[in-house]
Every structure is written in C-alpha cells, then in structure tokens.
Amino acid sequence: MAHIEIDAPGTTQLLLGNEAIARGALEAGIGFATAYPGTPSSEIMGTLAPIAKKMGIYAEWSINEMVAFEAASAASLSNIRALSSMKANGVNVIADFLVNLQMTGIRKGLVLVVCDDPGGMTSSNEQDTRPIAKWLNIPMLEPSTAQECKDMTKRAFELSEELGMVCMVRSVTYLSHTRGNVRFGRLPENKKVAHFDDFYNIDDPRQSRYTCGMQFHPYKQSEELLKRFAKAPEKCENSPFNSYRGPEIPELLIISSGICWTYAIEAVSILGLQDRVGILKLGTTWPLPEGLVARYLNKSDKVLCIEEIEPFVERSVMELAASLPPDQPRPTFYGKRSGHVRAWGEQNLNLAIQSIASVMDIPYTSRQSQDLEYRRAAQAVAQTLPARPLTFCPGCPHRASFWAIKIALQLDGRNGFVTGDIGCTAMGMISPGSFQVRTYYAMGGGVGVAGGFGHLGQFGFQQPVIAVCGDSTFFHASIPGLINGVWNQSNFTLAILDNSATAMTGFQPHPGTGITATGDPGKKVSIEALCRSLGIHVEICDPFDLNTTIATLLTMMRDEGPAQVVILRRECELVRERKEKRNPFRVYVNPERCIGESCGCNRLCTRVFSCPGLVWDRDAGKAVIDEAVCVGCGLCADVCPRGAIVKEAL
Amino acid sequence: MHGKASKELQKEVIDKGLCTLCGGCTGTCPYLVVYDGRIVRLHRCDMSEGQCYHYCPRTYMDMDAISRHIFGAPYGEGEIGSVREVFLARSTDQVIHQKAQDGGIVTTLLSVALAEGMIDGAVETKLDEEKNPHGFIARNREELLECAGVSYEPSPVIQAINRLPNETTEKLGFVGLPCHVACLSKMKLSPPTNRANIEHLEPVIGLFCGWTLSHSFHRFLQEHFDLAKAIKFDIPHHPEHSFDVYTPSGKESVDLDEISPYINKACGYCFDMTAEFADISVGSGRAMFKGWNTVILRTKVGAEILDIAKGRNAIEIQPIPDESLANLKRASLDKKKRALKNIISMTGGVDDLLYLGISQHLKEMLLE
Ligand SMILES: Cc1cc2nc3c(=O)[nH]c(=O)nc-3n(C[C@H](O)[C@H](O)[C@H](O)COP(=O)(O)OP(=O)(O)OC[C@H]3O[C@@H](n4cnc5c(N)ncnc54)[C@H](O)[C@@H]3O)c2cc1C
Ligand code: SF4
Ligand code: SF4
C-alpha cells in the first residue's frame, strides 16, 4: 500500500485515484473522516483509517452514509475540516440531510467525495451524482487524473470555506482504481481545536445558525444560500482546473471533463486532428465557468460533449447557449442527445474516437475490426483466460444459506420468494444463489419490500416472503424496515446472512464485529439482542447445518404471525481462512461411489450446487475436487446424494 | 425410451393429480422428495431419461409385459387378476392378532418366512410418533409387529427400497398397496441401475385397496383425536359406516361421510383393487368374516410361503363362500370401470388412457 502520509513535498508517488484523494485530504489538513464502504469509493477510508491516529485524524467506518456525513458535518461546524466519502448510491441516502445542510451552510471545510460507477460494474445502477450538485447548488469538482484527485480534493476544502458550503468531488471507477503519478504538496502543521461556537448564549438568546428553517421561514435561508452560491461561478471562472488545448479557431470544440477528457485528448491525437479540433477541459463541472465556456462557444459552430452517464455538461452548456446574446451564433450540439456519444455505460478511447470521427465525418475503423491478425491474437489471449463466472467464493456461507432457502421454499410449496438486498447476498439473484432473490433494489430494500408483501393477505396473497440482508446491510438500513414490520404486524421472515464482515467491499468492520475503522475495540453490537428487544421470535442457525436451517425456515414461513428473524451465522470463509490459515477438512471424491451424470445424481455438485472447488472430469465421468480452489469447508459432502464426497477432519 | 424425466413427471402425473405418493420417484436422487403429502422437485434436473418417470405407476404401464414377466402370460380379463386360489385365512398367533388389522395374515406370513430364513426382513409401512406412515425395513419379529395394523394415508414405501444401499445382499419381503406393487412390478420388469438389486425382493404381498386418504386428512385426525394415544385405525365394512380410532381406553368414531372429502383424487384413476401383480394379495374378510382375511394366491413364490405357514399351523384356512367371492369380484370390477371412466373424462377420449396399457378388447369390454 502506498504511503500517502509521508511528508515529502515535491516528490512523486504512484497512487490510485482514491489514494490521491486521501492524500489531498491530508494536505488540506483534515481532522475528521467518515465513510461507508462502497465500491469504487472504499479505498479512500481504507487508506486513511490505518494512518489516522498517526496523523491526528479521527477516522470512522460508519454504519451508513447518512450518519457518516452527519458526523462529518458536526466536525465542520466545530471548526475541523472534514471529509466524507461514499459511492453514488450513498448520496441518495444522505440527500435529505444534504438539502437541509445547504440551508444553513457550514463552518470549516466540508468535502463530500463521491465515486460514481459508470457502467455499474459493482453497483445496482450507474447513477450520475452531478445532477445532485446542480439541484442543490453544491459546487462540484471533477478530476481527470490522479494528480487532480489530490489537488482538487485539497482545493475543495478551500472552496467550501470560501463559499460557506459543502463542496463535492466526483471520481469514477476507472479513475479511482487506476494508478497515476502524484506530486506531493506540503502537509500542514497539526493544530486543530474543535469548538462549537453557536451554543446558547444567555446574553444573546437567538436561534442557532445551524438550524434549518430559520424562524420557520425556510425561504429566508434559500435566499442566503443563493447569495452564497452566487460567488461560486467567479471562483470557477479562474480555476486552473479548466483549460483549453487546440487551435485558436477549432472546426469542432470538444467539451469534456473527468476521465473522459483523457480519452478525448488521445482520440484527437490518434485521429491526427490536433489542428482542427480543440478540447475544453472542465474541472469545475458545477457551476460552469460560464464566461470561459461562452468564449469558446463563440469560436466554433460544432460542439461535442464527451462525458459518462448523464449528458450533464452537455445540457448545462446548452442552457448557457440559450442565454447568450441574441446576435451570437448558436453552434450545433453533438453528444448523447444527438446519439454521437453512447448514452450509457463507461466511455473509453475507442468510443471517443468513434464519436469524434462521426461528428467530423471522417471514416474510422477500430483496429480490432480492421486488423484480422490483431483480432486473432486478441481472441487467442482471451481463450487462455479461465472463464470465471460470477459466483460465491468456495466455502462461502451464503451458498449454503441460499441452498437452504431454495429447498425450504420448494418444500413449502406456496410460491414463496426472497426479497433481496445489496451486498454479497445480491449474488442470490443469479445462478450461484439459484436465482432465489426475486426483488433487489437498495440497501434495506429487502426488508422494506417484504414488509409490504406481508400485508397483502387481505387481497388473497398467500406466498411466504423471506427478506434477506447481510449483517452490514442490516445495520445500514434494514433496522427501520424490521421495526416497521414488527409494529405493523407484517407477515415475513427476515434472514440475516451474518458472515461477520462487509465482504463485498473488502472486509471493512461494522458494529457486529466490534472493531472500529482504526482497529480499536468498539462496542460489539449483537444482532440477535437487538432483534430480540423487539419482542419477536429470533433463531440463530449455522447455514452449514442445512437440515436445521431448512427446518427453521419452514417453521418460520408457516407461522402466520408477524415478522420473525433468522440469523444465518457463519463467518465469511475468507475471514476464517485468514485467521486459521488451514482448511477444516480434507475433501475428496471417491470415484467408486460417484455416479456422475447418471440418473440418481446428474452431477448435482457441479451442475446445481456449483461450488468452484468442484470440477467435472469429463473423461472420467466423475466429479473431482480442485485442490487449488477447495477450501475444505465440506459442505458438498452433505449435498452429494451418493456419499461420494468424503470429508476428513484435519 | 420415453425421453422423459422429472419435469415430465411433474407435468404428466403430479400436476394432473394422478400421483399416489407411492415413493417410487423418491429416495434415489437429490431432486425429488416427499414432503407434507406432496412430491416436491427441489432442483432442476435435465436428464433426458429419468428412472423417476420410468417407474412411476402412473406413467405408461405395459400390463401385458408385466404380466408376462410375473405370470408368464399376458394380462387377463378377470376381475381380480391372475389367480391360483382365493380363500379366507387368519393367523393362529394371538400376539399378532392383538396388533393386526384383520386376520393378521400379512404379519404372520412374513414372520414365518423370517423364521424359516427365507427372508432377512421385509419392506413395510410403519407409523411415526405423529402417526404418519413411512417405509420401514422390519428385520425381526418385534419390528414386524410394530408394522402391523394400517394407516389409511399414503405411505411412500418404495422410497425405502430406493434407499437400500447398492451393495445390499439382504433378502427382503415386501408389503404394499396396489400402486406400490405396480411400481415394484415395473422395476422388476426393467431393473434400475445405480441402485440395489430388487429382483430378489419377494414375496410381494399386496393389500387390497379402495382408496387412501389425502395428507390433509392427517390434519383432520390431529384436530379430532389424540393421535399420541391411537393404537389402531379401522374402517369397518358395510353395514357400519364409520372411521374408528382405537385407544387403550376404547374406540372413538367419526361418520364415514366426514372422511369422504379427504379421499385422494388420484385413487379415482386407479385400476387395481387387489394388487394384481403381487405374489399374494390380502384384504379383509369383510363384515361376514370379521377377524379374517381374504387371500388371493397368485404365484409359486406365494404358494411356497403359504404351504410353510400351513405346515407350521401358523394360519388357519377356510374356503370363501361364492357370494363373498362374487362381491369381491364385483367391487374390483367396479373400481376398474370407475378408473376407466375417470381417465377418459380427463383425457377426453378413449384413445388416450394415460398410464393404462391394456388391450383394446379389455377396454371395450369394460366400457360396455
Ligand atoms: C389404505 C388402505 C386401504 C385398504 N382398503 C381395503 C379395502 O378396501 N378392502 C379390503 O379388503 N382391504 C383393504 N385394506 C387392507 C386391510 O386393511 C388390511 O391391510 C389387510 O386386510 C391385511 O390385514 P392383516 O391383518 O393381514 O394385516 P397386518 O398383519 O396388520 O399387516 C398390515 C400391513 O399393512 C402395511 N400397511 C399399513 N399401512 C399401510 C399403508 N398405508 N400403505 C401400505 N402398507 C401399509 C403394514 O406395513 C403391514 O405390513 C386396505 C389397507 C390400506 C392400508
Ligand atoms: S454429487 Fe456426488 S455422485 Fe453426484 S457427481 Fe458430485 S460427487 Fe458424484
Ligand atoms: S405415483 Fe409414485 S412414482 Fe409416481 S409421481 Fe407419485 S410418488 Fe412418484
């Protein structure tokens, strides 16, 4: 891991975009950092937490984005610079607080870093958070390189203080997870004193500045907010993060920001259009540096916006064009709206080339489609890579849980189903989880939706509903849904798949683990005690004890009563393995007993159960254990109908 | 080659309400299980040829082929199948009488065979604590006695056969209802692979059967009786009209009309009242001969055991009066006609008789 904390101004380090963000925060002299894990944002806190103590920072993995951001605000209100980082979905979670925080403004620099996931490779969607900045009048910086990740984060703190409001920095997966050279700046002196100044003063009794809805007249604060924000365009106007490269009068003006800017630069150079095409880079995507943009709009009659997810810059520039003086000529706009830029998914160099070539009306065939040799070579390489279908890890307790859930639902026979939640348990919606998860939306959504299904009895609904969430998602947003279900007597079963880790995002601790972000002992929060305090029926099962788990689920489903909880508890195999450093069982297939594809088994283990530790030896017509993959959990021995899989305790 | 497996079993048998819950399709593979009075498919199996489909007594039964295999002759047109002898009999063993349903012939024949070393045990039906029937392998006299008496709910006995270890060399007898015997006869005709050898499973003792009661009847029983105390269930013959539950303190009854809604719909499509593919078929002596059994001897294997039992004075025998035999035949014929009628009303035509592979002539005869 990179040492982002070294005090070596002027030196250059190779950092991930997320590490550079963390470094930027250090250079800004933060005292407080909070986050909720979420790819692609997790490495920011992952980098800060281990060095937090040394750097005199308070660092926290919070149970959700809302409390994370609220806590960071408290630091800001007490004169401490604070950083809160999350993935795009997290901004939705904090939206209510964010809207209201804008009403009052802040005190010391408060920066919200959000990492969007264009293409949604590790997310439930590919939401763009930039429109939120616009909607709420929040200044937003959009870095294009690792260096800018650092520099902009630092600048965002200053901007936040200059404007008296939270400031956003938006990264994307590719940038967050790619290494680039970062030239370090100075680390500030470590002197921070926290004090909340707007406490009640007996000689000056008045409403605190930090309460929204001043005198219950929120519009007064709106006016204040707009005044504060009015200073933002001028700050952006002169920002060094905005720049232009290209001829004085370009045939085509490309406006781009973030990682897409790097694609645009390279695309123009590959197409050899440097003399004809100019590129305006926007680092301050909200508010727009209007004067700067207007000047360049005047120079070209074709404008192409290249960006990821929403046509955000594109629309903002068009709005701006609409307000230009009537005599100024209007350029033609190209981009997502015109179909010249793909409207969804991640952008890349090839797409940028295609977009530019099509607007410039020049023929371009990508190397892949042009060069047969190249294509062959690419295919040959692709074939040497082992196919790795998305699946649960070998030994994963969730495989056992979904196996049990599937069997219980089939046995129950009333077309019951699972409402799912975010995290590893989401794998339950595809084949490794036997497609058991039938609804899947948001953190806490599983139990919330189940609560609704559980009230449809009066309309003839008789299907049992099992809400599934992980332990981390339970703390994040499932507790209110559970309480609501209990209070309103909704009929569902909540299965908490407790693997004692936030495994999906890289094993960040959570309240159930009792360890804090900085590795200090916290207070361990017991899921079962919490659930039992609601006065409901709570059971704890080891999902590897398939029969008990199935029986428990069946009884719970049959019970007509209100919400109940079953905690399917078994430590994440990756955590166990790290701790114990050896396999619990030696597992092997006895070929004499294995009947493989014949009637009576039909490859249950490799065709249905599908743990990657089991492979099908086509020639022998038998299953075999792949010892390199098998972690010796022994679950398959209980699944094999022929007793062909043997587990021997080690 | 039928090219069919569990998916088709579901579609053609279970979904159509023909499943008798014999257990023929369960116990051998991980895909099908009996649960709560249903056959449940747990996972998707993509076999093109499934033994589950093949041996199910409600998929095609080539009656001639089976009959030839067991009796050396095609399926006949008599009312009660292939017959060597029909008579009345009862056990001379008072201990067995205490526990047995009617004349105790079933338990007695098995206990004699066991004592003679002809068998090592028998696949039977036993009731669990909640009085749910399930397949059980009785290997001594005590265990045979534990299985005596009947449950009127379907017992997936064949599952117990399917679960026998491949390498077993035990000689086992078998007791089952006509649908069980039908399933077993299909297995004997083309023995299964990857399972225990079932060819030596004999004698096959079949029970007469009018119908079974569905699983929801079990809930009825739980609501109306203290099942933990029940020691015997009985449906005495006409003119009585009740369902009786015996406990140590006596007999409790409900009117038979309360029971009839629970009759398994699948039994309405059943062609066989007397377990025609068994070695020996046993029913009650009806009202006229309470405490006796009606016995149909069908095969050589059956004859051997009967002879030994007679020789040991384990059973006593009397001829069956003509009137009783005529009644038995009429009842059996009625069941065949009813099944045919129901099958035709399900398929909508006389050309499709679902599972029933009988000759054109027999079909026409029964439809008259
Ligand atoms: C559901 C059902 C319906 C019947 N209908 C008729 C009928 O209509 N007319 C008639 O004459 N006889 C009928 N019988 C048969 C009769 O009840 C006696 O089982 C038979 O007369 C043998 O009596 P026994 O005294 O020799 O039996 P026992 O010596 O008491 O032995 C009883 C045997 O039945 C087996 N058994 C018990 N319950 C079941 C079950 N659910 N499925 C399969 N095997 C079981 C036991 O394992 C045991 O081997 C029926 C039996 C059952 C189970
Ligand atoms: S489940 Fe068992 S019998 Fe079936 S293929 Fe796997 S090892 Fe062989
Ligand atoms: S009748 Fe028997 S074999 Fe056929 S589906 Fe039912 S239980 Fe299975």
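Small disclaimer: the values here were computed from a predicted structure and weren't measured. (Residues numbered from 1 in each chain as written. Chains lettered and ligands numbered in written order. Predicted model: local features only at pLDDT ≥ 70, side-chain atom pairs only at ≥ 80, totals over all residues. Heavy atoms only, no water.)

Undergrad: Would you mind going over the overall build of chain A with me for this structure?
TA: Scanning chain A from N- to C-terminus turns up 23 helices and 24 strands. Its C-alpha radius of gyration of 28 Å places chain A within 12% of the 26 Å reference for a compact globule of 650 residues. Along the three orthogonal principal directions, the C-alpha set of chain A runs to about 85 × 80 × 60 Å. Looking at chain A as a whole, 55% of its 650 residues are labelled buried. Excluding contacts between residues fewer than 6 apart, the proportion of contacts in chain A whose partners are at least 24 apart in sequence is 78%. Counting every atom, chain A has about 28,000 Å² of accessible surface; 53% of that belongs to carbon and sulfur. Averaging the coordinates of the 63 positive side-chain charges in chain A and doing the same for the 67 negative ones gives two points 2 Å apart. (Helix = DSSP H or I, 4+ residues; strand = E, 2+ residues; numbered from the N terminus. Rg over C-alpha atoms; globule rule 2.2 N^0.38 Å. Buried < 20%, exposed > 50% of the residue type's maximum accessible area, 1.4 Å probe, protein only. Contact = heavy atoms within 4.5 Å. Areas by Shrake-Rupley, 256 points an atom, 1.4 Å probe, with all protein chains shown as cover. Lys, Arg positive; Asp, Glu negative; His and termini not counted. Charge placed at Lys NZ, Arg CZ, Asp CG, Glu CD.)

Undergrad: Is there a simple way to explain the packing of helix α5 (residues 105-115) of chain B against helix α11 (residues 300-311) of chain B in this structure?
TA: Helix packing geometry: the angle between the two helix axes and the distance between the axes. Residues and elements named next belong to chain B. Interhelical geometry of α5 versus α11 gives an angle of 90 degrees and a closest axis separation of 10 Å. Considering the angle they form, α5 stands roughly perpendicular to α11. Mapping the contact onto sequence places L109, V112 and A113 in α5 and I305, L306, I308 and A309 in α11. Tallied by class, residues from the contact of α5 with α11 come to seven nonpolar, no polar and no charged. (Axes fitted to C-alpha atoms, helices over the stretch in contact; angles between N-to-C directions. Parallel < 35°, antiparallel > 145°, perpendicular 65-115°, else oblique. Nonpolar A, V, L, I, M, F, W, Y, C, P; charged D, E, K, R; others polar.)

Undergrad: For this particular structure, what's the right way to read the site of ligand 3?
TA: Surrounding ligand 3, one finds B:L9, B:V13, B:C19, B:T20, B:L21, B:C22, B:G23, B:G24, B:C25, B:I39, B:C56 and B:P57. Looking at the shell around ligand 3, its residues break down into nine nonpolar, three polar and no charged. (Near = heavy atom within 4 Å.)

Undergrad: Explain the domain arrangement of chain A here, please?
TA: When the parts of a complex come together, some accessible area is lost, and that lost area is often used as the size of the interface. All names here are of chain A. Structurally, chain A comprises domain 1 (12-217), domain 2 (240-368), domain 3 (397-579) and domain 4 (583-649). One C-alpha centre belongs to domain 1, the other to domain 2; they are set 29 Å apart. If you look at the interface, domain 1 gives 27 residues, while domain 2 gives 25 residues. Counting each side, the surface lost to burial between domain 1 and domain 2 is near 2,100 Å², with a carbon and sulfur contribution of 60%. (Domains from an automatic or database assignment. Buried area = accessible area lost by both parts, 1.4 Å probe.)

Undergrad: Even after reading the chapter, I still don't get the side chain of A:T606, so can you show me in this structure?
TA: All names here are of chain A. With respect to the helices, strands and loops of the structure, T606 is situated in helix α22 (residues 604-609). For T606, the side chain forms a polar contact with the side chain of R603, separated by 2.8 Å. If near-sequence neighbours (up to four positions away) are discounted, T606 is found in contact with L614, V615 and W616. (Polar contact = N/O pair within 3.5 Å; in protein donor to acceptor, adjacent residues only side chain to side chain.)

Undergrad: Just to check I follow, could you spell out the sheet that holds strand β4 (residues 82-87) of chain A for this structure?
TA: Working definition: the strands of a sheet are paired by backbone hydrogen bonds and lie parallel or antiparallel to each other. Residue and element names in this part refer to chain A. What the seven strands build is an open sheet, ordered β3-β2-β4-β5-β7-β6-β12; its pairing is mixed. The open sheet is flanked by β3 (58-61) and β12 (284-286), the only strands paired with a single partner. As paired strands, strand β2 (residues 32-35) and β4 are joined by four bridges and run parallel to one another. Across the sheet, residue A33 finds its bridge partner in β4, namely L83. Most of the contacts of helix α2 (residues 43-52) go to β3, to which it runs at about 135 degrees, and overall it touches β2, β3, β4 and β5 (110-116). Contacts from helix α4 (residues 88-104) reach β4 and β5 within the one sheet, and its direction differs from that of β4 by about 135 degrees. (Pairing = 2+ DSSP bridges.)

Undergrad: What exactly am I supposed to notice about the nonpolar core here?
TA: As a rule of thumb, soluble globular proteins bury nonpolar side chains together. Residues and elements named next belong to chain A. Of all hydrophobic cores here, the largest spans 115 residues; its most connected members are I254, I255, L297 and I356. In terms of domain composition, this core takes at least three residues from each of domain 1 (12-217) and domain 2 (240-368). The contacts of I254, once residues within four sequence positions are left out, are A264, V268, V277, G278, I279, L280, L304, I306 and I356. Ranked by size, the runner-up nonpolar core spans 60 residues in total, among them V468, C594, C601 and L604. (Core = buried A, V, L, I, M, F, W, Y, C linked by side-chain atoms within 4.5 Å.)

Undergrad: Explain the side chain of A:K336 to me, please; I cannot follow it from the model alone.
TA: Residue and element names in this part refer to chain A. Along the polypeptide, K336 turns up in the loop between β14 (332-334) and α13 (349-360). For the buried K336, no salt bridge exists, and the shortest N-O distance to an oppositely charged side chain is 6.7 Å, to E307. One polar contact links the side chain of K336 to the main-chain carbonyl oxygen of R342, over a distance of 3.3 Å. Residue contacts for K336: discarding those within four places in its chain leaves E307, E308, I309, E310, P311, E314, V341, R342, A343, W344 and Q347. (Salt bridge = Lys/Arg side-chain N within 4 Å of Asp/Glu carboxyl O.)

Undergrad: Can you help me understand the interface of chain B and chain A in this one?
TA: Contact residues are listed per partner, giving 21 residues for chain B and 23 residues for chain A. Between chain B and chain A lies a buried interface of about 1,700 Å² when both sides are counted; carbon and sulfur atoms form 50% of it. The largest contributions to the chain B side of the interface with chain A come from B:Y35, B:H43 and B:N194, which together make up 31% of the buried area. In this structure, the connection of chain B to chain A is made through two salt bridges.

Undergrad: How should I be thinking about helix α1 (residues 6-14) of chain B in this particular structure?
TA: The periodicity of an α-helix, 3.6 residues per turn, causes residues three or four places apart in sequence to face the same way. All names here are of chain B. Considered for burial, the residues of α1 that qualify are S6, L9, Q10, V13 and I14. Burial along α1 is one-sided: seen end-on, the buried residues are contained in an arc of 110 degrees. Opposite its buried face, α1 presents the exposed residues K7 and K11, each directed more than 90 degrees away. Close packing links the buried residues of α1 with β1 (32-35), β2 (38-41) and α2 (51-55). (Arc of directions from axis to C-beta.)

Undergrad: Where do I start with the pairing of β2(B) in this structure?
TA: Consecutive side chains of a regular strand alternate in pointing toward one face of the sheet and then the other. Residue and element names in this part refer to chain B. Inspection of the sheet shows β1 paired to β2 by four bridges, in the antiparallel sense. By the bridge assignment, L32 is partnered in β2 with R41. Here β1 folds back onto β2, and the loop between the two strands holds two residues, one of which, D36, carries a positive phi near 55 degrees.

Undergrad: Explain the environment of B:I119 to me, please; I cannot follow it from the model alone.
TA: Residue and element names in this part refer to chain B. Along the chain, I119 falls in the loop between α5 and β5 (121-127). For I119, a relative accessible area of 3% puts it in the buried group. When sequence neighbours within four positions are dropped, the list of residues in contact with I119 reads L110, A113, L114, K171, L172, G173, E202 and P203.

Undergrad: Where do I start with the pairing of strand β18 (residues 493-498) of chain A in this structure?
TA: Residues and elements named next belong to chain A. Among the six residues of β18, six are classified as buried, and the element is accordingly described as predominantly covered. Here strand β17 (residues 465-470) runs beside β18; their pairing, made up of five bridges, is parallel. By the bridge assignment for β18, V468 is matched with A495. You can see the chain leave β17, run along helix α18 (residues 471-487) and come back into β18, and the turn it takes is right-handed. Where β18 meets strand β20 (residues 564-569), six bridges bridge the pair, whose relative direction is parallel. Directly across from I496, in β20, lies its bridge partner I567. (Right-handed = clockwise from strand over helix to strand, strands pointing away.)

Undergrad: I keep staring at the packing of aromatic side chains and nothing clicks. Help me out?
TA: Between two aromatic rings, the relevant description is the distance of the centres plus the angle of the planes. The final tally for this structure, using the stated rule, is 19 aromatic pairs over all chains. With a centroid separation of 6.3 Å and 65 degrees between ring planes, the pair formed by A:Y174 and A:Y263 is classed as edge-to-face. Of this pair, A:Y174 sits in helix α7 (residues 173-176) while A:Y263 sits in helix α10 (residues 258-270), and the two are 89 residues apart along the sequence. Judged by centre distance (6.1 Å) and plane angle (70 degrees), the rings of B:Y152 and B:F243 are edge-to-face. In this pair, B:Y152 sits in the loop between α6 (141-147) and α7 (158-162) while B:F243 sits in strand β10 (residues 242-247), placing the two residues 91 residues apart along the sequence. Members of the aromatic cluster, each reached through a chain of ring pairs, are B:Y152, B:F217, B:F220, B:F233, B:F243 and B:Y262. (Phe/Tyr/Trp six-rings, centres within 6.5 Å; stacked < 30°, edge-to-face > 60°.)

Undergrad: Please explain the sheet that holds β5(B) as it appears in this structure.
TA: All names here are of chain B. Reading across the sheet, the eight strands line up as β6-β5-β7-β8-β12-β13-β4-β14 and stay open at both edges, with mixed pairing between neighbours. The sheet is open, and its two borders are formed by β6 (133-138) and β14 (315-319), each paired with just one other strand. Direction aside, neighbouring strands of the sheet carry axes that sit 30 degrees apart on average. As defined by bridge partners, strand β7 (residues 172-176) adjoins strand β8 (residues 204-207) across three bridges and the pair is classed as parallel. Across the sheet, the residue bridging to G176 is G206, located in β8. Strands in contact with helix α8 (residues 178-189) are β7 and β8; relative to β7, the strand with the most contacts, it is inclined by about 135 degrees.

Undergrad: It is not clear to me how a positive patch on the surface should be interpreted in this structure. Could you clarify?
TA: Residue and element names in this part refer to chain B. Together, K7, K11, K16 and R44 give the surface a local cluster of positive charge. Topologically, K7 is positioned in helix α1. A relative accessible area of 56% means that K7 is categorised as exposed. (Patch = residues over 30% accessible without salt bridge, like charges linked within 9 Å, V, L, I, M, F, W, Y side chains within 5 Å.)

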